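Chains, contacts and geometry: an overview
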Amino acid sequence: MAIQSSELILNPDGSVYHLNLKPEHIAHDIIFVGDQNRVEKITQFFDSIEFSTQKREFKTQTGTFKGKRLTVMSTGIGPDNIDIVINELDALVNIDLETRQPKQNLTSLNIIRIGTSGSLQADIPTDSFVMARYGLGLDNMLRSYRIEAVSDKAIEDAFIAHTNWDAKKGRPYVIKCSEKLEKVIESSRMHKGITATAGGFYGPQGRVLRLDIQDENLNSKMDNFKVDGERITNLEMETAAIYGLSALLGHHALSLNAIIANRASGTFSADPYKAVDELIAYTLDKLAAN
């Protein structure tokens, strides 16, 4: 049965609605960034750029770096934007946009997020790199889908018990990264652990301005949470959603963060742009070599 036009919305030129992209516009290896201005901080290193477009916060450039075709895309901030981006990317490769029928032979994309984040651990300093082996979703977005086959119930249960999680906020979810991409990107420079994904920047991440928050001790509880040798390394707003949707749709996903703040010590990087540039160079070289 064809997918109705109200469910898969296309622009008059046949591109997907929010991203303004057609299938030929993207590579199978895609780098996500949050900030649209960071797209060109990556593509400035490309040998050539074949395509560029932007609609709202979603900016996309596709080109070649050391012979490898890559797409760089800004997702904006938060799990809700990730829901848009990954569903529309999947539609580009796995749905025939003319017949509106899912394809019989499905394509797996490789998705790597390059972001910035604050560390929750005193021994993960500013300007270091973190790789998320797991995404811990505190945001509830993924619970709109049937995720039981891809989520780690044991870690979820351990986190709920450790933090005395309030069920009114919804059940946290835990999704593992792509082991394939982990092997491509890993090195001794990478700290590894669990990246927690919040649904907001202030209260959901424990920041207090003028509003009281539901659990003022949540960050300290997260600091000392450990399960099967894994601990929560950092807190941001996209990783768990990327991992969850990618796993459900059959794509490979990995999230990397340059640590620009340390919440445990209250410090901020003296040069956060340098840390991000170094992570970009590191990731591009790893992708080009594989």
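Look a little higher up for the structure.
Presented here is a report on the structure given in the accompanying data block. Keep in mind the model is a prediction, meaning the values are calculated, not measured. (Residues numbered from 1 in each chain as written. Predicted model: local features only at pLDDT ≥ 70, side-chain atom pairs only at ≥ 80, totals over all residues. Heavy atoms only, no water.)

This part is about the pairing of strand β12 (residues 230-236). Working note: regular strand, side chains alternate between the two faces of the sheet. By the criterion of burial, β12 is predominantly enclosed, with six of the seven residues buried. Bridge count between strand β7 (residues 110-119) and β12: two bridges; the pairing is antiparallel. Counterpart to serine 119 in the pairing with β12 is asparagine 234. As defined by bridge partners, strand β10 (residues 190-197) adjoins β12 across four bridges and the pair is classed as parallel. (Buried < 20%, exposed > 50% of the residue type's maximum accessible area, 1.4 Å probe, protein only. Helix = DSSP H or I, 4+ residues; strand = E, 2+ residues; numbered from the N terminus. Pairing = 2+ DSSP bridges.)

Further remarks concern the pattern of salt bridges. All told, the structure shown has 22 salt bridges when counted by the stated rule. Arginine 171 is the salt-bridge partner of glutamate 156, the closest N and O atoms lying 3.1 Å from each other. Highlighted residues: glutamate 156 in helix α3 (residues 153-163) and arginine 171 in the loop between α3 and β9 (173-176), separated in sequence by 15 residues. Residue lysine 176 pairs with glutamate 182 through a salt bridge whose shortest N-O separation is 4.0 Å. A relative accessible area of 26% places lysine 176 in the partly exposed class. (Salt bridge = Lys/Arg side-chain N within 4 Å of Asp/Glu carboxyl O.)

Once that is clear, we can look at unusual backbone geometry. The phi torsion of most residues other than glycine is negative, and most of the peptide bonds are trans. Its identity is not glycine, yet arginine 56 carries a phi of approximately 55°, on the positive side. The phi angle at asparagine 164 is positive, at roughly 50°, despite the residue not being glycine. Relative to the helices and strands, asparagine 164 is located in the loop between α3 and β9.

Our focus in this paragraph is the layout of surface pockets. Its volume calculated, the largest pocket comes out at about 500 Å³. Lining the largest pocket are 21 residues, and of these Thr116, Ser117, Phe201, Glu236 and Ile260 sit closest to its centre. Of all the secondary-structure elements, those providing two or more residues to the lining of the largest pocket are β7, β12 and β13 (252-262). Here the lining of the largest pocket is built from residues that sort into seven nonpolar, seven polar and seven charged. Taken together, 13 residues make up the lining of the second largest pocket; nearest its centre are Glu7, Leu8, Ile9, Asn87 and Glu88. Considering each element in turn, the lining of the second largest pocket owes the most residues, six residues, to helix α2 (residues 79-94). (1 Å grid on protein atoms, 1.4 Å probe; cavity = no way out; pocket = protein on both sides within 12 Å on 5 of 7 lines; lining within 4 Å. Points joined across faces, edges and corners; volume = space filled by probe spheres on them. Nonpolar A, V, L, I, M, F, W, Y, C, P; charged D, E, K, R; others polar.)

Here we take up the packing of α2 against helix α6 (residues 239-249). Two numbers describe how α2 lies on α6: the axes approach to 9 Å, and their chain directions differ by 25°. The angle between α2 and α6 falls in the class roughly parallel. In the packing of α2 onto α6, the handedness of the crossing is right-handed. Between α2 and α6, the residues in contact are Pro79, Ile82, Asp83, Ile86, Asn87 and Asp90 and Ala241, Ile242, Leu245, Ser246 and Leu249, respectively. Partitioned by chemical class, the residues of the contact of α2 with α6 number seven nonpolar, two polar and two charged. (Axes fitted to C-alpha atoms, helices over the stretch in contact; angles between N-to-C directions. Parallel < 35°, antiparallel > 145°, perpendicular 65-115°, else oblique. Left-handed = near helix turned anticlockwise from the far one by under 90°. Contact = heavy atoms within 4.5 Å.)

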